[in-house]
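Chain and residue survey
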Amino acid sequence: MIKLVDVSKIYRDKKNEKIALNKINITLPDHGMVFIIGRSGSGKSTLLNITAGLDNATSGKIYYDGEDIGAMKESVFDSFVLNSIGFVFQDYCLIEDVSVRQNIAFGLLDGVHGHEREIDDLLNSVGLKGYKHRLGRELSGGEKQRVAVARALIKHPKIIFSDEPTGNLDEQSSKKVLQILKKESQKSLVLIVSHNLDNAYEYGDRVITLDNGKVIDDTSYSGAKRKKKGTYYLEESLLSDKERMDKLNGLIQKMTSKSFCPEDPFLKKRKKAKKSEAISISIAGIISNVSGMFLGYSISISSRAVFSLF
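Residues numbered from 1 in each chain as written. Predicted model: local features only at pLDDT ≥ 70, side-chain atom pairs only at ≥ 80, totals over all residues. Heavy atoms only, no water.

1. Observations concerning the environment of Val190
With respect to the secondary-structure elements, Val190 resides in strand β8 (residues 189-194). When the C-alpha positions of Val190 and Val34 are compared, they lie 6.2 Å apart, and in sequence the two are 156 residues distant. Look past the residues within four positions of Val190 in its chain and what remains in contact with it is Gly32, Met33, Val34, Ile160, Leu181 and Ser185. (Helix = DSSP H or I, 4+ residues; strand = E, 2+ residues; numbered from the N terminus. Contact = heavy atoms within 4.5 Å.)

2. Focus on the pattern of salt bridges
Following the criterion strictly, the structure yields eleven salt bridges and no others. A salt bridge links Glu116 to Arg101; the shortest N-O distance between them is 2.8 Å. In this pair, Glu116 sits in helix α4 (residues 116-125) while Arg101 sits in helix α3 (residues 100-105), placing the two residues 15 residues apart along the sequence. Exposure remark for Arg101: the relative accessible area of 19% places this residue in the buried category. Taking the shortest distance from any N to any O, the salt bridge between Arg117 and Asp121 comes out at 3.5 Å. Pair noted here: Arg117 and Asp121 are both in helix α4, with a separation of four residues, about one helical turn. Accessibility expressed as a relative area gives 43% for Asp121, which makes it partly exposed. Via salt bridges that share partners, Arg101, Glu116, Asp120 and Lys132 belong to a single interconnected network. (Salt bridge = Lys/Arg side-chain N within 4 Å of Asp/Glu carboxyl O. Buried < 20%, exposed > 50% of the residue type's maximum accessible area, 1.4 Å probe, protein only.)

3. Structural notes on the sheet that holds strand β2 (residues 17-28)
Strand order in this open sheet of four strands is β2-β1-β4-β5, and the pairing throughout is antiparallel. At either margin of the open sheet sits one strand with a lone partner, and together these are β2 and β5 (67-68). Taken together, the two bridges between strand β4 (residues 59-64) and β5 define a ladder with antiparallel strand orientation. Across the sheet, Tyr64 pairs through a bridge with Glu67, a residue of β5. (Pairing = 2+ DSSP bridges.)

4. Examining the sheet that holds strand β9 (residues 206-211)
The sheet built from six strands is open, its strands ordered β6-β7-β8-β3-β9-β10 with mixed pairing. Edge positions in the sheet fall to β6 (85-88) and β10 (214-220), since each has one partner strand and no second. Strand-to-strand, the axes of this sheet are offset by a mean angle of 15 degrees, without reference to chain direction. Seen against the sheet, helix α5 (residues 141-153) touches β6 and β7 (159-163) and runs at an angle of roughly 170 degrees to β6. (Axes fitted to C-alpha atoms, helices over the stretch in contact; angles between N-to-C directions.)

What follows is the structure in structure tokens.
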């Protein structure tokens with residue numbers, strides 16, 4: 001169980017102050033699918049970052065099974081992350097020139113040896129039987145995201161944190177990914193940040209809505225779920241995808257000298273689009289808060305994040 005008590009996050013520079021989170025009090029269960037929704041800038045990615053231990057709160061406390069993570073020794077917390085937490089990124093973060101098998105193995109502490117049967121079973125469960133030896137660059141976007149989910153699941157995590165896992169996917173691929181995560185949520189906690197209201201109300205056991213850093217609605221569902229129409233929150237601004245990707249790549253290169261998350265060709269193509277066209281794409285749900293799990297506003301990434309990539 002995760003408990004947040006009076007958690008606030010304030011970003012400051014010499015002239016300005018931005019309250020990203022304002023005294024958040026939430027208790028999350030051991031399992032189930034919980035969506036965090038809200039407009040761009042509402043604080044949802046910041047909330048996920050802090051809950052995952054990737055960023056520090058300005059004030060307040062976060063407890064995992066009754067233990068204050070802020071009081072944990074860094075080595076103890078890192079061990080917990082490595083063994084118990086999985087992440088699913090919007091942009092897949094696969095190595096394009098290695099096999100699906102090797103990409104999944106990055107989620108294992110002891111490497112791929114001795115896990116061949118488990119990888120086969122996992123690929124079968126995400127609908128990718130026979131894909132083990134394909135290279136990352138040979139996969140579609142939906143297939144890449146299912147490999148990313150398999151990488152998160154290979155260590156049997158207690159918690160999965162996911163920031164816009166379907167943001168770059170078509171409707172059919174999104175459905176497949178969410179169905180896989182929904183099944184996993186029967187035994188693990190799956191916490192998803194999303195702009196897509198329909199997905200949240202269709203798949204979520206609980207939907208938490210943020211606005212201006214505050215929880216304005218927190219509703220659990222059982223049996224028939226209420227569905228809100230409107231589909232997507234409109235992005236208030238176009239985000240700098242390249243800047244976020246560069247920072248993420250820089251972090252990973254320090255650890256491995258390899259880039260786990262090469263720039264998506266889609267991002268290069270998007271830069272050439274007119275602003276009006278980009279906004280239209282955003283409304284369709286393709287553009288969203290890219291890599292917000294790591295960067296939020298101007299998050300200072302601690303060494304903990306290095307251990308938290310998979």
